[in-house]
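# Fold and contact review
Here is how the chains run, residue by residue.
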Amino acid sequence: MKTSPHIVVIGAGAFGGWTALHLLERGARVTLLDAWGPGNSRSSSGGETRVMRGTYGADQAYTEMAARALKLWAKYERQWKRQFLHRSGVLWMAAGRDDAFERGSIQMLRAAKIKYQELSAPQLKKRWPQINFEGIEWGIFEPECGYLDARASCAAVVEAFVAAGGRHRQAEVVADGLEDVPLRALNLSDGAKLKADSYVFACGPWLGKLFPKTISNVIRATKQDVFFFGTPPGDTRFHSPNLPVWADHRGHFYYGIPGSDRRGFKVADDTRGPDFDPTDGERIVSQETLKEIREYVAFRFPALKDAPLLESRVCQYEQTPDSHFIVDRHPKNENVWLLGGGSGHGFKHGPALGEMMAKLVLTDGEPEATWRLNRFVET
């Protein structure tokens, strides 16, 4: 009788955790490794919340994946009897002179059957009077989207994985030997070796450190500062469901998540920050960025002009040059898969990407050209 393949997944974040769970559900024997555990503070999947949205400009692949992810988030919430997706809605503010991203999203949302509304400036002002819509001419509202509990859902995925028979170990993989052909086993920092039929490396900003010849600087980790402001006592205008997740493309790309779990009003600048070491970097926010964020909040949300800073956090993006994911085999090792490049927008796709990845690994499939590594090779 043919035995089930043994697959090791390295990285227990949104990509790795969901991949491990889907592989297990398809009958594989799976070991999941992470140096610090699911949703840890160093990981790109750490922190409290992430945005769930379908608006992606004219990029059909991500809108379609978001639509599938919405269904899978709902499926697993029912299965686990827990809520991770808070459907506060997502509002995209569009300036008339620079709205190609929003305009290009309409057809994609319609094709993917993600519900949306086009709202005029007067409609926006009437619906959300707590927002100053100066410079905004119209908007897209996605009523079935919102925000996800990040750290909590990462932990829940791994809990479900272990409960279903998966093996989870907190262990570091040593980079030495990973690019040898063929890869016969993983060397762990405690001196142990781990052998499998296939390996999936879903370790975000550490991919370049583990595969310096193959990935090198194709994935760049950048420092991203996030801020949580206190709202006035008893004032619920800046909390869900009275305010949606919002994004403002005018000038810088600012976005925010309404006060959730009593943590404050989350605001961040999506602009890529300076290079950052995810292992040893000091996670201290920039005072200059804080000043800019305060000025923006005072302009767009006048009632929060002097709001106190309750918390701040430094996370990182794992940026590829074209902002697309990496989903591909190692060019010299057919049983090694590389999965990363979340680029600040990958978390929401976790369930759908994990489903896709499991199918690719178990059926020896071919990934989409958009996500292949060879797109970065000069010809």
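In short, a report on the structure. Just so we're clear, the structure is a prediction, and the values are computed from it rather than from any experiment.

### As for the nonpolar core
Counting 71 residues, the largest nonpolar core has Trp73 and Trp80 as the members making the most contacts within it. No other element matches the 10 residues that helix 2 (residues 60–80) contributes to this core. Not counting the four nearest positions on each side in its chain, tryptophan 73 is found in contact with Trp18, Met52, Phe84, Leu85, Leu148, Ser153, Phe347, Lys348 and Pro351. Within the second largest apolar cluster, 27 residues are counted, among which are Ile131, Phe133, Val297 and Phe301.

### Section: the environment of tryptophan 73
Locating tryptophan 73 in the fold gives a position in helix 2. Residue classification places tryptophan 73 among the buried residues on the basis of a relative accessible area of 2%. Along the backbone, tryptophan 73 and glutamine 83 are 10 residues apart, and their C-alpha atoms lie at a distance of 9.0 Å. A polar contact of 3.0 Å, which involves the side chain of tryptophan 73, links it to the backbone oxygen of lysine 348.

### With respect to the side chain of aspartate 328
Looking at where aspartate 328 falls in the secondary structure, it is placed in strand 18 (residues 326–329). A polar contact is formed between the side chain of aspartate 328 and the side chain of arginine 372, at a distance of 2.9 Å. Ignoring sequence-local partners within four residues, the contact set of aspartate 328 consists of Val336, Trp337, Leu338, Pro367, Trp371, Arg372, Leu373 and Asn374.

### Brief notes about the sheet that holds strand 18
One open sheet holds the 6 strands; their spatial order is 9-2-1-12-19-18, and the pairing between them is mixed. Among the strands making up the open sheet, the edge pair consists of strand 9 (167–170) and strand 18. Taken over all neighbouring pairs, the strand axes of this sheet differ in orientation by 15 degrees on average, direction set aside. In this structure, strand 1 (residues 6–10) lies alongside strand 12 (residues 198–201), joined through 4 bridges in parallel fashion. Note on strand 12: the bridge partner recorded for valine 9 is valine 200. Set on the sheet, helix 1 (residues 14–25) makes contact with strand 1, strand 2 (29–34), strand 12 and strand 19 (336–340); between it and strand 2 the angle comes to about 165 degrees. Relative to the sheet, helix 8 (residues 350–363) contacts strand 1, strand 12, strand 18 and strand 19, its axis offset from that of strand 19 by approximately 165 degrees.

### Here we look at the sheet that holds strand 4 (residues 85–86)
Within the open sheet, the 3 strands sit side by side as 3-8-4. Their pairing is antiparallel. At either margin of the open sheet sits one strand with a lone partner, and together these are strand 3 (49–52) and strand 4. The pairing of strand 4 with strand 8 (residues 146–149) spans 2 bridges and is antiparallel. If you follow histidine 86 over to strand 8, its bridge partner there is tyrosine 147. Of the strands in this sheet, strand 3 and strand 8 are in contact with helix 5 (residues 150–163), which crosses strand 8 at around 55 degrees.

### Topic: the packing of helix 1 against helix 8
Remark: helix 1 packs on helix 8, axes separated minimally by 7 Å, with the N-to-C direction vectors making an angle of 55 degrees. The pairing of helix 1 with helix 8 is recorded here as oblique in orientation. As for the relative orientation of helix 1 and helix 8, their crossing is right-handed in sense. Judged by residue contacts, Ala14, Phe15, Trp18, Thr19, His22 and Leu23 of helix 1 engage Gly350, Pro351, Leu353, Gly354, Glu355, Met357, Ala358, Val361 and Leu362 from helix 8. Partitioned by chemical class, the residues of the contact of helix 1 with helix 8 number 10 nonpolar, 4 polar and 1 charged.

### Side note on the state of the cysteines
Using the criterion set out here, one finds 0 disulfides in the structure. Cysteine cysteine 154 shares no disulfide, and the gap to the nearest cysteine sulfur, in cysteine 315, comes to 13 Å. For cysteine 154, a relative accessible area of 4% corresponds to the buried category.

### Looking at helix 3 (residues 100–112)
Taking 1.5 Å as the rise per residue, helix 3 with 13 residues should run 18 Å; its terminal C-alpha atoms sit 19 Å apart, in good agreement. A maximum bend of about 30 degrees is found in helix 3 at isoleucine 106. Within helix 3, the full set of buried residues consists of Glu102, Ser105, Ile106, Met108, Leu109 and Ala112. In the core, the buried residues of helix 3 are packed alongside helix 2, strand 5 (90–94), strand 6 (117–120) and strand 7 (138–142). One or two positions beyond helix 3, positive phi appears at lysine 113, with a value near 60 degrees.

### Points about the packing of aromatic side chains
Evaluated as defined, the whole model comprises 24 aromatic pairs. Relative to tyrosine 76, the ring of tryptophan 18 lies with its centre 5.1 Å away and its plane at 65 degrees, an arrangement referred to as edge-to-face. In this pair, tryptophan 18 is assigned in helix 1 and tyrosine 76 in helix 2, connecting sequence segments 58 residues apart. Side by side, tryptophan 18 and tyrosine 76 carry an identical accessibility label, which is buried. In this structure, arginine 103 packs its charged tip against the face of tryptophan 138, placed 4.0 Å from the ring centre. Sitting above the plane of the phenylalanine 141 ring, arginine 127 keeps its charged end 4.5 Å from the centroid.

### Focus: the packing of helix 2 against helix 8
Between two packed helices, both the angle of their axes relative to each other and the distance between the axes serve to describe the pair. Closest axis-to-axis distance for the helix 2/helix 8 pair is 7 Å, and the angle between their directions is 100 degrees. Between helix 2 and helix 8, the angle falls in the class roughly perpendicular. In this structure, helix 2 contributes Met65, Arg68, Ala69, Leu72 and Trp73 to the contact, and helix 8 contributes Pro351, Ala352, Leu353, Glu355 and Met356. Here the residues of the contact of helix 2 with helix 8 sort into 8 nonpolar, no polar and 2 charged.

What counts, and where the lines are drawn
Residue numbers run consecutively from 1 along every chain, following the written order of its sequence. Two thresholds apply to this predicted model, a pLDDT of at least 70 for residue-level local features and 80 or more for giving and counting side-chain atom pairs, whereas whole-chain, interface and lining totals are computed over all residues. Hydrogens and water molecules were not included; the side-chain quantities draw on all heavy atoms of the structure. Nonpolar cores were defined as sets of buried Ala, Val, Leu, Ile, Met, Phe, Trp, Tyr and Cys residues, with membership established by side-chain atoms within 4.5 Å. Categorising residues by exposure relies on relative accessible area from a 1.4 Å probe, with only protein chains included: less than 20% of the type maximum marks a residue as buried, more than 50% marks it as exposed, and the intermediate range marks it as partly exposed. Put simply, DSSP marks the helices as runs of H or I at least four residues long and the strands as runs of E at least two long, and each gets a number from the N terminus on. Throughout, a residue-residue contact means that at least one pair of heavy atoms, one from each residue, lies within 4.5 Å. Polar contacts, as used here, are pairs of N or O atoms within 3.5 Å; protein pairs need one atom able to donate a hydrogen and one able to accept it. Residues neighboring in sequence count only if both atoms are side-chain atoms. What makes two strands pair is DSSP finding at least two bridges between them. Between N-to-C directions, angles span 0 to 180 degrees; the directions come from axes that are lines fitted to C-alpha atoms, helices contributing only their stretch in contact. Comment on the angle field: the value is read as roughly parallel under 35 degrees, roughly antiparallel over 145, roughly perpendicular from 65 to 115, and oblique elsewhere. In this scheme the handedness of a crossing depends on how the near helix is turned from the far one: anticlockwise by less than a right angle means left-handed, clockwise means right-handed. We call Asp, Glu, Lys and Arg charged. Ala, Val, Leu, Ile, Met, Phe, Trp, Tyr, Cys and Pro are nonpolar, and the rest, Gly among them, are polar. Any two cysteine sulfur atoms within 2.5 Å of one another count as a disulfide. Residue count minus one, scaled by 1.5 Å, sets the expected span of a helix. Bend is computed residue by residue as the angle between axes fitted to the seven residues ending at the residue and the seven residues starting at it. Only Phe, Tyr and Trp rings are paired, with Trp represented by its six-membered ring, and only when their centres lie within 6.5 Å; those with planes under 30 degrees apart are stacked, over 60 edge-to-face, the remainder tilted. The criterion is that NZ of a Lys, or CZ of an Arg, lies within 6 Å of the ring centre and within 35 degrees of the ring normal, and then a charge sits over that ring.

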